[in-house]
Amino acid sequence: MTASTLPNSSSADPFHEFYGAPSLPRPHYALLWDNMQSAGLDNLTAKAREAHLALHAEGVTFTVYSDKEEGIERVWPFDIIPRIIPGAEWDLLSSGLKQRVKALNLFLRDLYHDQKILKDGVVPADLIHEGKDFRREIIGIDPPGGIYTHISGVDLIRDGHGKYMVLEDNLRTPSGVSYMIENRMIERRVLPEFFSRYKVRRMEHYPALLLQALRRLSPRGPGEAVIVMLTPGIYNSAYFEHTFLAKEMGVELAEGRDLLVSNDRVYLKTTLGLKQVDVIYRRVDDDFLDPLCFRSDSLVGVAGLINAWRAGHVALVNAPGGGIADDKAVYAYVPDIIRYYLSEEPIIGNVPTYLMSRPDEREKVLDQLERMVVKVVNESGGYGMLMGPSSTAAERAEFKKKILAKPRDFIAQPVIPLSQHLCYLDNELQSRHLDLRPFIIYGEEIEVVPGGLTRVAFRKGSLVVNSSQGGGSKDTWVVESVT
């Protein structure tokens, strides 16, 4: 293998993470590239196979319901060439993420109490009140420590000039952290020689950080806190992650039927009787969390849970109601939210976003749908999107009808040429688009775990990185130095 096997690039190409010019890797990739050249493609093939077999043996899977002919359980797709981020670059990102999470938490606290930001006209009141994820049922409730967003996953991209931008915020039940950790464990196994040369910041301690943050929320004190992870069950697409985190933290994994509420206290049913629960890390959406408060037909929630939370006898992580802050229409106002609560300029900017509830912006977008990405404001996982450049006239016509029928439910963004990275796919080096989802824990302080989940669009030319839509992942190294 020689440097000439690198994909060609031009000034019109997206920003390339691995190299800055054709055949010239960026300085922090030089050691890795030199080794890849000297070891050859056969070595990469062997390493890739070793990684796949390890993931298969350890049962690292994800669920796809759209293609049942091939089975819904798939081995987690993983590319062995790591993404490397210099420490100084990461430190700036970390500051921006902390700023964003802090402001969004203050925003949620305000929305469910005084609503000053609405009264001051910074965010339109109707935008909030019409939002599907604004929960009037929890107005006035004070969560422990005043924290709503205990766990966040913020999706970052880089534009054609390499500038980082926030693509979206995930504040309800953000997923992917288990795969971030598994990626690192696999990478340490198949590329151990590089961890002795690159000074890679550790992120495997995430479960310990999370457990510490959960314990401090206990109404009865952190010492004897009983913590439960609430899962919808084995048919949920993120069930692997639920079991992984419960095991790593040493806490009970429970379904709604395993819990009950009595006298505004939550109890776990055990073979030795009832045990009072202090903290629930819930991976059940708001709608299904408590059939007495939200959807009455829920079979996966716990009746009376919100009253127990309101009474201060149990902490819920993340707090209900946070979904309004990651509504994609509210996303457009996050820079203003940061300025309003923190009196600071955003460290990391947004992607330009057009609200279909604004007639002038709607008209402009509808005139050029073929150049836009249109998203449903409360969907995730790559669903409910129109990718304008690859859409058909019929698809655009259908989306136009949907937008005109319910403008509040849609936003549009210009197509951003996501940055690319070198991948080893089908026994050859290829460039693919990617993004980055760092994870942030809001405990006593706000902590950003070094690295995050790099998601890769494995399909050639695709900009959709979600695993359910053909995407995969890489390990993400935040490096101090190279020796």
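Up top is the structure.
Quick look at the structure, then. For clarity, every value in this text was computed on a predicted model and none was experimentally measured.

### Observations regarding the overall build of the protein
- When helices and strands are tallied, the protein shows 14 helices and 26 strands.
- Taken over C-alpha atoms, the radius of gyration comes to 23 Å for the protein, in line with the 23 Å a tight globule of 483 residues would show.
- For the protein, the spread of C-alpha atoms along the three principal axes comes to 70 × 60 × 50 Å.
- Evaluated residue by residue, the protein yields a buried proportion of 55% over its 483 residues.
- For the protein, the share of sequence-separated contacts (at least 6 apart) that also reach a separation of at least 24 residues comes to 68%.
- Side chains of the protein carry 56 positive and 64 negative charges; the gap between the two charge centres is 1 Å.

### Overview of unusual backbone geometry
- The omega torsion across Val317 and Asn318 is -15°, close enough to zero to call that bond cis.
- With respect to the element layout, Asn318 can be found in the loop between β15 (315–317) and α11 (328–331).
- Phi is positive for Ser343, close to 55°, though the residue is something other than glycine.
- Turning to its location among the elements, Ser343 is positioned in the loop between α12 (334–342) and β16 (349–350).

### Observations concerning empty space enclosed by the protein
- For the coordinates displayed, the defined rule picks out two cavities of 30 Å³ or more.
- Of the voids in this model, the largest cavity is the one considered here, and its volume is about 90 Å³.
- In this structure, the largest cavity is lined by 13 residues; those nearest its centre are Leu32, Met36, Leu44, Leu191 and Phe194.
- Those elements that place two or more of their residues in the lining of the largest cavity are α1 (30–39), α2 (41–57), β5 (78–86) and α7 (192–195).

### So, the pattern of salt bridges
- Under the criterion given, the structure shown has 33 salt bridges.
- For the salt bridge of Lys474 with Asp79, the shortest nitrogen-to-oxygen distance reads 2.3 Å. Of the two residues, Lys474 sits in strand β26 (residues 471–482) while Asp79 sits in strand β5, which places them 395 residues apart along the sequence. Like Asp79, Lys474 is buried.
- Asp91 is paired through a salt bridge with Arg201; the nearest N and O atoms lie 3.0 Å apart. Here Asp91 is found in helix α3 (residues 87–111), whereas its partner Arg201 is found in the loop between β8 (198–200) and α8 (206–215), with 110 residues between them in sequence.
- Assessed through its relative accessible area of 38%, Asp91 is described here as partly exposed.
- Among the charged side chains, a network of salt bridges with common partners joins Lys132, Asp133, Arg135, Arg172, Arg282, Asp286, Asp287 and Asp326.

### Some remarks on the sheet that holds strand β20 (residues 410–414)
- Sheet architecture is open: four strands sit in the order β17-β20-β18-β19, paired in antiparallel fashion. The open sheet has two free edges, formed respectively by β17 (354–355) and β19 (385–387), since each of these has just one partner strand.
- In the sheet, β17 pairs with β20 via two bridges, with the strands oriented antiparallel. Counted as the bridge partner of Leu355 is Ile411 from β20.
- Packing of helix α14 (residues 393–405) onto the sheet brings it into contact with β18 (372–376), β19 and β20, and relative to β19 it is tilted by some 140°.

### Focus on the layout of surface pockets
- Considered as a void within the structure, the second largest pocket measures approximately 440 Å³ in volume.
- Residue lining of the second largest pocket: 19 residues in total, with Ala48, His52, Phe78, Tyr424 and Leu425 positioned closest to the centre.
- Examining the composition of the lining of the second largest pocket, we find that six residues originate from one element, α2, more than from any other.

### Thoughts on the nonpolar core
- Core analysis: the biggest nonpolar cluster contains 60 residues, and Leu32, Ile81, Met180, Tyr198, Tyr206, Met249 and Tyr281 have the highest contact counts within it.
- Once you skip the residues sitting within four places of it in the chain, Tyr206 turns out to touch Ile151, Val177, Met180, Ile181, Leu245, Phe439, Ile441 and Val449.
- Ranked by size, the runner-up nonpolar core spans 48 residues in total, among them Leu127, Phe294, Ile306 and Val330.

### Remarks on the packing of helix α6 (residues 177–190) against helix α9 (residues 239–249)
- Viewed as axis vectors pointing N to C, α6 and α9 meet at an angle of 70°, and their least axial separation amounts to 8 Å. Taken as axis vectors, α6 and α9 run roughly perpendicular relative to one another. Like other packed secondary-structure pairs, α6 and α9 cross with a definite hand, here left-handed. Packed against α6, whose contacting residues are Val177, Ser178, Tyr179, Ile181 and Glu182, the element α9 presents Phe240, Glu241, Phe244 and Leu245 at the interface.

### Some remarks on the environment of Ile348
- Locating Ile348 in the fold gives a position in the loop between α12 and β16.
- Remark: the alpha-carbon pair of Ile348 and Val166, spanning 182 residues in sequence, is separated by 6.7 Å.

### Digging into the sheet that holds strand β14 (residues 279–282)
- If you trace the four strands from one edge of the open sheet to the other, you get β10-β9-β14-β15, paired in parallel fashion. The open sheet has two edge strands, β10 (252–254) and β15, and neither has a second partner. Averaged over all adjacent pairs, the angle separating strand axes in this sheet is 25°, with direction ignored.
- Bridge analysis of strand β9 (residues 227–230) against β14 gives four bridges, and the strand direction is parallel. If you follow Leu230 over to β14, its bridge partner there is Arg282.

### Observations regarding the packing of aromatic side chains
- Tallying each qualifying case throughout the model produces twelve aromatic pairs.
- Seen in terms of ring centroids, Tyr112 and Tyr148 are 6.1 Å apart; in terms of plane orientation they differ by 20°. Their pairing is stacked. You can see Tyr112 sitting in the loop between α3 and α4 (116–119) and its partner Tyr148 sitting in the loop between α5 (125–129) and β6 (151–158), a full 36 residues away along the chain. Take Tyr112 and Tyr148: they sit in the same class, and that class is buried.
- Ring geometry for Tyr179 and Phe240: centres 5.5 Å apart, planes at 20°, overall stacked. Here Tyr179, found in helix α6, pairs with Phe240, found in helix α9; they are 61 residues apart in sequence, far enough to count as distant. Phe240 matches Tyr179 in its accessibility class, with the two residues each being buried.
- Clustering of aromatic rings is evident, with ring pairs tying together Trp76, Tyr179, Phe240 and Phe244.
- Positioned above the aromatic ring of Phe399, the side-chain terminus of Lys402 is 5.1 Å from the ring centre.

The rules we used
Residues numbered from 1 in each chain as written. Predicted model: local features only at pLDDT ≥ 70, side-chain atom pairs only at ≥ 80, totals over all residues. Heavy atoms only, no water. Helix = DSSP H or I, 4+ residues; strand = E, 2+ residues; numbered from the N terminus. Rg over C-alpha atoms; globule rule 2.2 N^0.38 Å. Buried < 20%, exposed > 50% of the residue type's maximum accessible area, 1.4 Å probe, protein only. Contact = heavy atoms within 4.5 Å. Lys, Arg positive; Asp, Glu negative; His and termini not counted. Charge placed at Lys NZ, Arg CZ, Asp CG, Glu CD. 1 Å grid on protein atoms, 1.4 Å probe; cavity = no way out; pocket = protein on both sides within 12 Å on 5 of 7 lines; lining within 4 Å. Points joined across faces, edges and corners; volume = space filled by probe spheres on them. Salt bridge = Lys/Arg side-chain N within 4 Å of Asp/Glu carboxyl O. Pairing = 2+ DSSP bridges. Axes fitted to C-alpha atoms, helices over the stretch in contact; angles between N-to-C directions. Core = buried A, V, L, I, M, F, W, Y, C linked by side-chain atoms within 4.5 Å. Parallel < 35°, antiparallel > 145°, perpendicular 65-115°, else oblique. Left-handed = near helix turned anticlockwise from the far one by under 90°. Phe/Tyr/Trp six-rings, centres within 6.5 Å; stacked < 30°, edge-to-face > 60°. Lys NZ or Arg CZ within 6 Å of the ring centre and 35° of its normal.

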